[in-house]
Amino acid sequence: MYGYPREYLIGRKPEDIAAPGKNDMAKVYDKLAKAFDGQPQQFEFWGVRRNGEVFPKDVRISKGIYYGQEVVIALATDITERKKVEAALQRQLKELSLLQTAALYSVAAPDEDTLIKQITELFGKSLYPEDFGFLLLDGKTGELHPHPSYQAGKGLIAEVIPPGQGITGSVVRSGIPRRIPDVKE
């Protein structure tokens, strides 16, 4: 899991393999003490691999006997993938909550400009502070124009986009919203 040979890890303390600043070491040692007292413990621990990669793991510890010595037996599972899934679910829940709020705004907004301003503030500040704004579709030319007043992000599109170009054009053609990280048109 860590990329070290077994001999390297023998006799090491938890802080020797911990990711700097990611664990409350006082709590880790408290859980070790409780395990030595016979109370099984479970917790998350952030480690750092030999190659420098920081990763989360689920740790379960309990008291045991090894060659006549009282020891703490630890079982650890790398939970990197689980953390990624949890983060994605959290993002989706946040987006859903914001969409519900936006729906309430759409009912309460007295006009289109107020609605656009409210939604820009809601989504721009909450989800996409660096890259959220509105583009308005010109129904006659098919061009997309940045909304002059409501752009939450920095470095957003400032010019007119011809019909059908890039990611934005594909969204207009398909009607399906997309967000592709780290891609700017």
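(A) Representation of the packing of aromatic side chains. The final tally for this structure, using the stated rule, is three aromatic pairs. On the numbers, 5.2 Å between centres and 70° between planes, the contact of Y2 with F55 is edge-to-face. Placement of the pair is Y2 in the segment before α1 (6-9) and F55 in strand β2 (residues 54-66), with a sequence separation of 53 residues. Geometrically, the ring pair formed by Y4 and Y8 is stacked, given 4.0 Å between the ring centres and 15° between the ring planes. The exposure class assigned to Y4 is partly exposed, which follows from its relative accessible area of 25%.

(B) Focus on the pattern of salt bridges. Within the structure shown, the criterion is met by ten salt bridges. R82 is paired through a salt bridge with E44; the nearest N and O atoms lie 3.1 Å apart. Residue R82 is located in helix α4 (residues 80-108), and its partner E44 is located in strand β1 (residues 41-48); the two are separated by 38 residues in the primary sequence. Looking at E44, the relative accessible area reads 35%, which means it is partly exposed. Residue E81 pairs with K84 through a salt bridge whose shortest N-O separation is 3.4 Å. Here the residue E81 and the residue K84 both occupy positions in helix α4, the gap between them amounting to three residues, near one helical turn. One salt-bridge network, held together by shared partners, links E44, R82, K83 and E86.

(C) Local environment of the sheet that holds β1. Ordered in space as β1-β2-β3, the three strands form an open sheet in which the pairing is antiparallel. Either end of the sheet is taken by a strand with one partner, and the two such strands are β1 and β3 (69-78). The mean inter-strand angle of the sheet, taken between neighbouring strand axes irrespective of direction, is 40°. Sheet topology places β2 next to β3; ten bridges connect them, and they run antiparallel. Residue pairing across strands places S62 opposite I73, the latter belonging to β3.

(D) Focus on the nonpolar core. Listed in full, the eleven residues of the largest apolar core are Y2, I17, A18, V28, L32, A35, F43, F45, F55, V59 and I61. Elements with a minimum of two residues in this core: α3 (25-36), β1 and β2. Every residue in contact with I17, bar those within four places of it in the chain, is listed here: Y2, L9, F45, W46, G47, V48 and K57.

(E) Quick peek at unusual backbone geometry. Within the chain, Y67 stands out as a residue other than glycine whose phi angle is a positive 50°. Looking at where Y67 falls in the secondary structure, it is placed in the loop between β2 and β3. By relative accessible area, Y67 is classed as exposed at 75%.

(F) The arrangement of the side chain of N23 in detail. For N23, the location among the structural elements is in the loop between α2 (14-17) and α3. Polar contacts involving the side chain of N23 include one to the main-chain carbonyl oxygen of W46, which spans 2.8 Å. Once residues lying within four places of it in the same chain are set aside, the contact partners of N23 are A18, E44, F45 and W46.

(G) Summary view of the environment of K34. Relative to the elements of secondary structure, K34 occurs in helix α3. Excluding residues that lie within four positions of it along the chain, K34 makes contacts with Q39 and Q41.

Cut-offs used in this document
Residues numbered from 1 in each chain as written. Predicted model: local features only at pLDDT ≥ 70, side-chain atom pairs only at ≥ 80, totals over all residues. Heavy atoms only, no water. Phe/Tyr/Trp six-rings, centres within 6.5 Å; stacked < 30°, edge-to-face > 60°. Helix = DSSP H or I, 4+ residues; strand = E, 2+ residues; numbered from the N terminus. Buried < 20%, exposed > 50% of the residue type's maximum accessible area, 1.4 Å probe, protein only. Salt bridge = Lys/Arg side-chain N within 4 Å of Asp/Glu carboxyl O. Pairing = 2+ DSSP bridges. Axes fitted to C-alpha atoms, helices over the stretch in contact; angles between N-to-C directions. Core = buried A, V, L, I, M, F, W, Y, C linked by side-chain atoms within 4.5 Å. Contact = heavy atoms within 4.5 Å. Polar contact = N/O pair within 3.5 Å; in protein donor to acceptor, adjacent residues only side chain to side chain.

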